[in-house]
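# Breakdown of the fold
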Amino acid sequence: MGNLIYNYEEAVALILFSVGFVTLLFHRNMIRKLIGMNIMDSGIYLFLASMGYIYDRRAPIVEGGDTNPVNYINPVPASLVLTGIVVSVSVTAVMLSLAVRLYERYHTLNLDEIYAMSRRRSEHR
Amino acid sequence: MSFIENLPFLSVVVFLFAAVVCSVLKPRAARAFTAAVEALVVVFSALTLFYTYTVGEPFRYNMGHFDAPWSNQLRAGVLDALAALAFSSVLLLSHIGGIRYAKIDIEQKKQNSYCTLLNLIGAALMALSYTNDLFTGYVFLEILTLSSCGILVIRRQGRTTLAAARYMVINLLGSGLFLLGVTLFYGTTGHLLMEYIKVGVENLDATGEYSIPLTVTIGLVSAGLAIKSGLFPFHTWMPDTYGTATPTSSAILSGIVSKGYIFLLIKIMYRVVGTGTAAMTAACHILYVFGMIGIVMGSFWAIKSKYLNRMIAYSSAAQIGYIFVGIGLGGDAGFRAAIFQVLAHAFTKPLLFIAGARLSEASGDSQAFSALQGSAHRSRAAGAAFAIGAMSMVGIPTLAGFSTKLYFAIAAVEHGTLVDLATLAVLAVSTLLNALYFIRTVIRIYTPSPAPEPLPTFEPSPDKHDPGLAAAVGFAAGILFLGIFPGTVSSLILTGLSMFG
């Protein structure tokens, strides 16, 4: 329990990840699924960002000739978060375009209803 | 440094360059350019394979002017190059094999975009084959997922959009788990380059520290990649996805995209975790159980299917199960069987999809078995190609499927426990079930149609000048090579495994 409180940022990150994961898996609405995916990814980025920050250290920009790495935080997690955000944005764009197409064709965003409609139209043949 | 050591990097970059160029080319030029680039990468991969086999050790290619661990790195050994060779060959053959249908299924103004997507898939597969960096693996994994969704949804017919949505949802679940696993690896070891993570993981394994987080991390990465590759029970997207896409897309998705994920998983098991660690053993056991269930259930649903493309798709779920059983058995024999199955399935399934499309075309564009009766007489080349693919899936000697089953049996008996019996029993049952639905299909397509004038609209003459025939010959040659010279391929795989870790 003590560890959980000490690492509260990581714990929150994992809770966010779980909320997003369950939403993406179980919600039937495409837009809610998409929001779930973004929450899930944000959880991971929070995890990375909190891991990258070390208390009482400076931003990783050399000042006053101090090249001792012990005085700086690790810049790599921040760059990983940035890369991850770019990936998330691309995936979100593709998923939104799929949602638009589904709505145009079936006039609903509920995947269960869409699936039932598709079966009635025998589209899989 | 030999010039050949640049080829893995060039394989990725050439595909990326071609993807950009194709977006401004006319459709015909884009198709020709893409095929030329795919052929060029086949040559690059073959040269890399020859070089690494001759030298006898892998080479590393640093990017960013710094040595590891500060640079991004590619690493090429025999197995990496063999995977790249198989992926690029199947990509080329699937592309030219399905050109005829891509022209019909895809709008004229989007034909060049389709080539762009094929090139992006090529780039992602080359990167997954050669990368030595986990986060680069994640980025290209997502590029592969997005471009796969693109080649699926580009055919605006039937339920392709719904199939793409389901495909994306399952894949995003897998990606999320994988990314969390990568993050935890980075958190526990401080590295993203695979070999450096392995040093950290081995230290933790030896001291017993962080054993639960380590097991969770390995579980997350394995589960993420298993979900993305369609392991039971996450295979439900397969029938819609493979069944509704244009044949080239079905061939690529089933033949190589899912294998790209599996290849990355095998690489992580060898190069990041190490096959001897305790956490690895736990992950392997779980994958083994789901693989076994997948083999039986996939075959069961394939038997129940009334449409050819859905039957082939369900059969893919069973074949993916085989690969995970090989991984679950572990050891060099288990991984050899898994990798052999990756190669055999990569050549067999696209052949079935492309031949199946031609048989369907000869039966009034219907995939229903009732309509396909006698189709092998209406399109002889497609009938023969389908028969070769189907016989290989069943495991007839001299074809790839037989060698695969042999290596699985060898891997199973090496254990000397109850696991052998279970694996051998499932292998036997699965062979029987495969025979049931594939041989039934072959008999059906060769049984003359009861109708007095069976669909006379189809002319068999296009067979002569269609690149589809050349592609089918290429796939069949691959299947025969794997079936007749399994020893050569096996020795390549074992050499590759010895320098993979």
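The structure we're discussing is the one just above.
Our next topic: the overall build of chain B. In terms of regular secondary structure, chain B is built from 21 helices and 2 strands. Since a compact globule built from 501 residues should have a radius of gyration of about 23 Å, the 22 Å found for chain B is in line with a globular shape. Every one of the 501 residues in chain B was classed for burial, and the buried ones make up 62%. Sequence separation of at least 24 residues holds for 80% of the intrachain contacts in chain B that already meet a minimum separation of 6.

Here we take up the overall build of chain A. Summing up its helical and strand segments, chain A has 5 helices and 0 strands in all. Counting from the amino terminus, chain A carries its helices and strands in the arrangement α-α-α-α-α. Taken over C-alpha atoms, the radius of gyration comes to 21 Å for chain A, far larger than the 14 Å a tight globule of 125 residues would show. Buried positions account for 24% of the 125 residues belonging to chain A. A separation of at least 24 residues holds for 53% of the contacts in chain A among residues at least 6 apart in sequence.

This part takes up the interface of chain B and chain A. Counting residues at the interface gives 26 residues for chain B, matched by 32 residues for chain A. For the side of chain B that touches chain A, the secondary-structure elements that each account for two or more residues are helix 6 (134-153), helix 7 (160-189) and helix 10 (238-244) of chain B. Take the side of chain B that touches chain A: its biggest share by element is 13 residues, from helix 7 of chain B. Class assignment for the residues of the side of chain B that touches chain A results in 15 nonpolar, 8 polar and 3 charged.

Below, the discussion takes up the nonpolar core. Soluble globular proteins: nonpolar side chains tend toward being buried together. Residue and element names in this part refer to chain B. Counting 211 residues, the largest nonpolar core has I121, A124, I266, F324, L343 and F347 as the members making the most contacts within it. Counting residues per element, this core draws most heavily on helix 7, which supplies 18 residues. What L343 contacts, discounting residues up to four positions off in sequence, is A86, L482 and V489.

How two helices sit against one another is set out by the angle between their axes and by the gap between those axes. For the pair helix 4 (residues 76-106) of chain A and helix 7 of chain B, interaxial distance at closest approach is 10 Å and the crossing angle is 160°. One way to sum up the angle between helix 4 of chain A and helix 7 of chain B is to call them roughly antiparallel. Seen along the crossing, helix 4 of chain A lies across helix 7 of chain B with a hand that is left-handed. Every residue of helix 7 of chain B that contacts helix 4 of chain A at A:G84, A:V91, A:M95, A:L98, A:R101, A:L102 and A:R105 is listed here: B:T161, B:L162, B:A164, B:A165, B:M168, B:L172 and B:L179. A breakdown of the residues in the contact of helix 4 of chain A with helix 7 of chain B according to their chemical character gives 10 nonpolar, 2 polar and 2 charged.

Right, let's get into the pairing of strand 2 (residues 72-76) of chain B. Residues and elements named next belong to chain B. Within strand 2, 4 of the 5 residues are buried, which leaves the element mostly enclosed by the surrounding structure. Both strand 1 (residues 59-63) and strand 2 contribute to a ladder of 5 bridges, which runs antiparallel. Within strand 2, the position partnered with N62 by the bridge is Q73.

Here helix 9 (residues 211-229) of chain B contains 19 residues, and its C-alpha end-to-end distance of 27 Å stays within 8% of the 27 Å for a straight helix at 1.5 Å per residue. Directly beyond the C-terminal end of helix 9 of chain B, a positive phi value near 90° is found at B:G230.

Here the focus is helix 20 (residues 467-484) of chain B. Residue and element names in this part refer to chain B. Between the first and last C-alpha of helix 20 there are 25 Å, a value that for 18 residues agrees with the 26 Å anticipated at 1.5 Å per step. Buried within helix 20 we find G468, A471, A472, G474, F475, A476, G478, I479, L482 and G483. Of the surrounding elements, those touching the buried residues of helix 20 are helix 3 (78-97), helix 4 (99-105), helix 14 (331-361), helix 17 (380-394), helix 18 (400-413) and helix 21 (486-498).

Let us look at the environment of B:Y242. All names here are of chain B. Tracing the chain through its elements places Y242 in helix 10. With 28 C-beta atoms counted inside 10 Å, the residue Y242 sits in the buried group. Once the C-alpha coordinates of Y242 and M311 are considered, the two residues, 69 residues apart in sequence, prove to be 10 Å apart. The residues contacting Y242, other than those within four sequence positions of it, are S250, L253, S254, N309, I312, A313 and S316.

What counts and what doesn't
- Residues numbered from 1 in each chain as written.
- Chains lettered and ligands numbered in written order.
- Predicted model: local features only at pLDDT ≥ 70, side-chain atom pairs only at ≥ 80, totals over all residues.
- Helix = DSSP H or I, 4+ residues; strand = E, 2+ residues; numbered from the N terminus.
- Rg over C-alpha atoms; globule rule 2.2 N^0.38 Å.
- Buried ≥ 20, exposed ≤ 12 C-beta atoms within 10 Å, placed from the backbone.
- Contact = placed C-beta atoms within 7 Å.
- Nonpolar A, V, L, I, M, F, W, Y, C, P; charged D, E, K, R; others polar.
- Core = buried A, V, L, I, M, F, W, Y, C linked by C-beta atoms within 7 Å.
- Axes fitted to C-alpha atoms, helices over the stretch in contact; angles between N-to-C directions.
- Parallel < 35°, antiparallel > 145°, perpendicular 65-115°, else oblique.
- Left-handed = near helix turned anticlockwise from the far one by under 90°.
- Pairing = 2+ DSSP bridges.
- Expected span 1.5 Å × (residues − 1).

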